[in-house]
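So you can see what is in the structure, the chains are spelled out below.
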Amino acid sequence: MSKVSICEVGTRDGFQIEAEFIPTEYKIEVVNRLSETGVPEIEVTSFVHPKAIPQLRDAEEVMSKIVRRPGTVYSALVPNDKGAKRAIDAGVDRLHTVLSASNSHNLANVNMTVAESLEKLQAVAQVAHEANIPMHGGISTALGCPFEGEVPLSQVESIVARLVDMGFEAVGIADTTGMANPAQVKRTFEYLIPKFPNIDFSLHTHNTRAMAIPNILAAMDCGVMDFDASVGGLGGCPYAPGATGNVCSEDLVHCLHEMGHETGIDLDALIGTSKRVEEIVGYTLPGQVMKAGKSERRYQVPHHVADRLAAM
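Residues numbered from 1 in each chain as written. Predicted model: local features only at pLDDT ≥ 70, side-chain atom pairs only at ≥ 80, totals over all residues. Heavy atoms only, no water.

## Focus: the overall build of the protein
Inference 1: Summing up its helical and strand segments, the protein has 13 helices and eight strands in all.
Inference 2: A compact globule built from 312 residues would reach a C-alpha radius of gyration of about 20 Å, and the protein, at 20 Å, matches this within 12%.
Inference 3: Taking the principal axes of its C-alpha atoms as reference, the protein extends roughly 75 × 45 × 35 Å.
Inference 4: Residues counted as buried form 52% of the 312 residues belonging to the protein.
Inference 5: Considering only intrachain contacts with a sequence separation of at least 6, the fraction spanning at least 24 residues in the protein is 73%. (Helix = DSSP H or I, 4+ residues; strand = E, 2+ residues; numbered from the N terminus. Rg over C-alpha atoms; globule rule 2.2 N^0.38 Å. Buried < 20%, exposed > 50% of the residue type's maximum accessible area, 1.4 Å probe, protein only. Contact = heavy atoms within 4.5 Å.)

## Notes on the packing of aromatic side chains
Inference 1: Inspection of every chain in the model, using the stated rule, returns one aromatic pair.
Inference 2: Relative to F201, the ring of F189 lies with its centre 6.1 Å away and its plane at 70°, an arrangement referred to as edge-to-face. With a gap of 12 residues between them, F189 in helix α8 (residues 182-195) and F201 in strand β7 (residues 200-205) connect regions that are remote in the sequence. Accessibility assignment for this pair places F189 and F201 in one class, buried. (Phe/Tyr/Trp six-rings, centres within 6.5 Å; stacked < 30°, edge-to-face > 60°.)

## With respect to the packing of helix α7 (residues 153-166) against α8
Inference 1: Contact geometry of α7 with α8 gives a least axis separation of 11 Å together with a crossing angle of 35°. Here α7 runs over α8; the crossing is right-handed. Touching L153, S154, V156 and E157 of α7 are R187, T188, Y191, L192 and K195, all from α8.
Inference 2: In the contact of α7 with α8, the residues fall into four nonpolar, two polar and three charged. (Axes fitted to C-alpha atoms, helices over the stretch in contact; angles between N-to-C directions. Left-handed = near helix turned anticlockwise from the far one by under 90°. Nonpolar A, V, L, I, M, F, W, Y, C, P; charged D, E, K, R; others polar.)

## Quick look at the packing of helix α9 (residues 212-221) against helix α10 (residues 249-258)
Axes are the key here: two packed helices are described by the angle between their axes and the distance separating the axes.
Inference 1: Across the interface, α9 lies against α10 with an axial gap of 11 Å and an inter-helix angle of 50°. By the angle between their directions, the pair α9 and α10 is classed as oblique. In terms of crossing hand, the pair formed by α9 and α10 is right-handed. Residue-level inspection shows I213, I216, L217 and M220 of α9 in contact with α10, the latter providing D251, L252, C255 and L256.
Inference 2: Grouping the constituent residues of the contact of α9 with α10 by class yields seven nonpolar, no polar and one charged. (Parallel < 35°, antiparallel > 145°, perpendicular 65-115°, else oblique.)

## Some points on the side chain of T72
Inference 1: Residue position: T72 is located in the loop between α3 (59-65) and β3 (73-77).
Inference 2: Engagement of the side chain of T72 in a polar contact is seen with the backbone oxygen of V39, the distance being 3.1 Å.
Inference 3: Every residue in contact with T72, bar those within four places of it in the chain, is listed here: S35, V39, P40, E41, I42 and D93. (Polar contact = N/O pair within 3.5 Å; in protein donor to acceptor, adjacent residues only side chain to side chain.)

## With respect to the sheet that holds β3
Inference 1: Around the barrel, eight strands lie side by side as β1-β2-β3-β4-β5-β6-β7-β8; this closed barrel has parallel pairing. With direction set aside, neighbouring strand axes in the sheet form an average angle of 25°.
Inference 2: Where strand β1 (residues 5-8) and strand β2 (residues 41-46) come together, two bridges link them in parallel fashion. For E8, the partnering residue across the bridge sits in β2 and is I42.
Inference 3: Running over the sheet, α8 touches β6 (170-175) and β7 and is turned about 160° from β7. (Pairing = 2+ DSSP bridges.)

## Some words on the pattern of salt bridges
Inference 1: Under the counting rule described, the total for this entry stands at 13 salt bridges.
Inference 2: The partner of E119 in a salt bridge is R162, and the shortest N-O contact between them spans 3.6 Å. With E119 in helix α6 (residues 114-131) and R162 in helix α7, this pair connects stretches of sequence that are 43 residues apart.
Inference 3: When its relative accessible area of 51% is taken as the criterion, E119 is described as exposed.
Inference 4: Residue classification places R162 among the partly exposed positions, given a relative accessible area of 31%.
Inference 5: Measuring nitrogen to oxygen at the nearest pair gives 3.4 Å for the salt bridge that ties E296 to K294.
Inference 6: A network of salt bridges, in which partner residues are shared, links E29, R33, R276 and E279. (Salt bridge = Lys/Arg side-chain N within 4 Å of Asp/Glu carboxyl O.)

## A short note on the pairing of β7
Inference 1: Extensive coverage of β7 is indicated by the burial of five of its six residues.
Inference 2: Both β6 and β7 contribute to a ladder of six bridges, which runs parallel. Bridge pairing links A170 to D200 in β7.
Inference 3: Since β7 and strand β8 (residues 226-229) lie parallel, the crossover through α9 that links them has a hand, and here it is right-handed. (Right-handed = clockwise from strand over helix to strand, strands pointing away.)

In structure tokens form, the structure reads like this:
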């Protein structure tokens, strides 16, 4: 039985695109609930300028008031060295960064070319090194760009190489718009892992075309055991047309547990958290297990069937 590690990104990737501001106390509540499920890492928030993402303008307050569970890593996304310093001052355990593999998406997302973003990340790396904080670099649109289509693997490889040179210990390959398929995911990791054997690769999937879990299983076949997921299936990308939420955390955990993999997560508590998040956002979330229940759920046999069975 293998151990799979899940990074919960709902309170960052999910809450950041909500139309209405999620009150700070609710964000803290959700992080604490997620901690209690035993999830190994939570990407709590993002230290971006409030004008860029007003939904996460309370990043410092959230980080200062959450209850930290021993064994859980509390990370945050940072866009630049200023954000990195804010995050470190707030006590994050790990810095997450992101840039796109395609110039068009990167320009739409952060108004910089890929080369310009890499220069910015050099400053983030310097801040992290001085504070002795580990770094995780995410590469959006690595498995397909909504503007350019397929992104050459050589292009993704060159970005990974730059991140490695900066001292990043982990790299996330992101299917930002749900364009990927399992065969493509397998080709990608079979190409990258031998070239960077000392890097911990992860996969960030969106369920835009209902391919997220199949893509995760394909990555596992290549030895990847670290995945991002979002409670209830929250999330999306404002600069990726048609993108829907991340793979649903409880759906993924249910699948993994049914297959005999270990996550360390209390699925019942996670389902309860998802239902609470649905109350907070005020609309139906796309997660399936929270609606159908676990596959071990049983229903009462209809009376007429019970009578027939009893007579057999």
